[in-house]
Every structure is written in C-alpha cells, then in structure tokens.
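If you want the building blocks of each chain, they are given just below.
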Amino acid sequence: DGSILIVGSGPSGLATACALGRQGIIARIVDSAPGPAENSRALAIQARSLEMFDLWGVVDNFTDKGLPMHGVRMYGEDKKLMLHMRLGELPSRYPYMLSLPQSETERILIGQVERQGFKIERETRVTSMNFDSEACIVILENAAGDKEEARFRWVVGCDGAHSTVRELSHTEFEGKEYPQQFLLADLKINWPLAPNEAHIFAAPDGLLACFPLPGGYYRVIANKAKGDVALLPNIEEVRSTIAKRGPAEFEVDDLLWSSNFSIHARLVESMQRGRVFLVGDAAHIHSPALGQGMNTG
C-alpha cells in the first residue's frame, strides 16, 4: 500500500508535503494542471506562516523575495484616514504581512518538497475513489489516458474550490455566493501614499483596496457592477475606478494581469471523512480580505 496521496500541488498541497517530509513521510503528489501557478493570485503571507517556513528552513527564500507590509490604512468617504492598523506590535519574529505573488510561493515550496524527496506527477487526475476503514482505492489517469489503480492509507484533497476529492468523498460544501462582483488587477501605481502599507478606500460608489507588491506594483481590488465576466478589466477601467474612489494624485502603468471574480462563502460539513482529509479551498472558501485563504490552507 502507498501511505498517503496528496491531490493538488498548490500552496496547501505543498505545505502538507513539507509538514509530512519533516516527519520522514514521503507522500505521492498528483496534480491535474500541467504546471504551477503563473499568475500572482494570493499574495499575503502572514506572520504565523512565516514562522512555519522558518521551521522548515525556507523562510529566507520568502523574505528575500517578498515585500513586508507594515500596516493597513482605511479611508472614509471623504478620503480622510479613518483607521491606521500597524502590524509592528505582532508578537512574532516577523511582525508584518509579507507580500509575494503565489507563483513565487509555489516555486519556493516546490523546491523544498523536491529536496525532501517528493515528485509531483503533473497532468494526473483522480477519476474514482472508494474507501473503507482500512484504505482508499483510487483510480489515477495521466495525460496519455493511462489509468492506474492504487491503494493508499490516506488521501488528502488539496485540489481547490472545485475539489474532485470532495465530490468523490460525497462531502457537502454548503454556503452561498455573494451578489457583488469584483475586478482584480496587478499594475504599477505612482502616488504619495506609503509604499509598504495597504490602502483601502470606502467611497460612495464602492470599495477600493490596494495592496503593495514587490517592484512598485499593487494588487487592486474593487467591486463593480455585474457585467460580462468574459471581458477582463483593462487599464482604463482600473484608472477610472481609482480616480473615483482613491487619492487625487496618482499615475498607473504596466498592467500585468487582471480578472473578474465573485466571492463565495462555503464550508464542508467535516474536514475528515473516513480516510479522506480536505484542506484549503477544498474545505473552505470565503472573502479574500487580509489574505486568510492561502494562510489557513
């Protein structure tokens, strides 16, 4: 029997592998995608996550690449400062939130799990799963269509919000979708605001949140009217949104990536069902505010 199968090699699956590897347990990792994340996606790494990376011996890889965020400033409808939350008082060796694109987080963790002896099997998906009190019987299929029946003591589903493992384990994912739609964009912003803090504006027509990224870039999140989600936000839409809700002085340039998204709030009835565990977005999805999603995973 194989010992453990990890399904999904995003941050949650890689963190699971790192933790097991520290105990001398080498699991099998499969992922349906051809490669790791290429876009920034999640970006906030909290103090406790950095402490775990320190235990795993990789924290310097993160702090060398990332941008420390030392606070969050919130502005009211008149664009005056309402709240300044400083993170320097956190009782940690890392009293800040580290801003780093998820693609870089995955690259660092992939290097760590490979050093521990793991190998990620890409373009390999779970098509069937049955389990009893003794083991899980799984059918794996690769990109060529070859199928393999394998037996594991445990299966860990880290395969995201549309988790196949969750579906095959017949675990309910109860919750709802919020009515708001949001734009998301990574681009350069030049303005007089503190470059090492997040800035959140509550304007009459909606919310604008700007989180610093390394290299003078920002992650911009703003709610928008329901529209055609096939049309990705362009730089003019982002510029117009900042002009309406943000500071008077700013310039934008070099749009790296943009997307539309909506928010769900869903939670599994149990994170364990027999010999199957559900981790990260496979178990819980919610607002991305202050970076809880990737860190809880």
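Structure first, text after, so check above.
Draft legend 1. Highlighting the packing of aromatic side chains. Inspection of the entire model under this criterion finds 6 aromatic pairs. Relative to Phe-62, the ring of Phe-53 lies with its centre 4.1 Å away and its plane at 5°, an arrangement referred to as stacked. There is no split in this pair, since Phe-53 and Phe-62 are both buried. Measuring from ring centre to ring centre gives 4.4 Å for Tyr-75 and Phe-201, while their planes differ by 10°; the resulting arrangement is stacked. With Tyr-75 in strand S5 (residues 71–75) and Phe-201 in strand S13 (residues 197–203), this pair connects stretches of sequence that are 126 residues apart. An aromatic cluster is present here, built from Phe-53, Trp-56 and Phe-62 joined pairwise through their rings.

Draft legend 2. Spatial organisation of the pattern of salt bridges. A full pass over the atoms with the stated rule returns 12 salt bridges. The salt bridge involving Arg-48 is made with Glu-51; its shortest N-O contact spans 2.9 Å. Taken together, the residues span about one helical turn, with Arg-48 and Glu-51 both in helix H2 (residues 47–55) at a distance of 3 residues. A residue is classified by how much of its surface remains accessible, and Arg-48, at 52% relative accessible area, is exposed. Assessed through its relative accessible area of 15%, Glu-51 is described here as buried. A salt bridge links Glu-236 to Arg-239; its shortest N-O distance comes to 2.5 Å. Taken together, the residues span about one helical turn, with Glu-236 and Arg-239 both in helix H6 (residues 235–245) at a distance of 3 residues.

Thresholds, definitions, all that
- Residues numbered from 1 in each chain as written.
- Predicted model: local features only at pLDDT ≥ 70, side-chain atom pairs only at ≥ 80, totals over all residues.
- Heavy atoms only, no water.
- Phe/Tyr/Trp six-rings, centres within 6.5 Å; stacked < 30°, edge-to-face > 60°.
- Buried < 20%, exposed > 50% of the residue type's maximum accessible area, 1.4 Å probe, protein only.
- Helix = DSSP H or I, 4+ residues; strand = E, 2+ residues; numbered from the N terminus.
- Salt bridge = Lys/Arg side-chain N within 4 Å of Asp/Glu carboxyl O.

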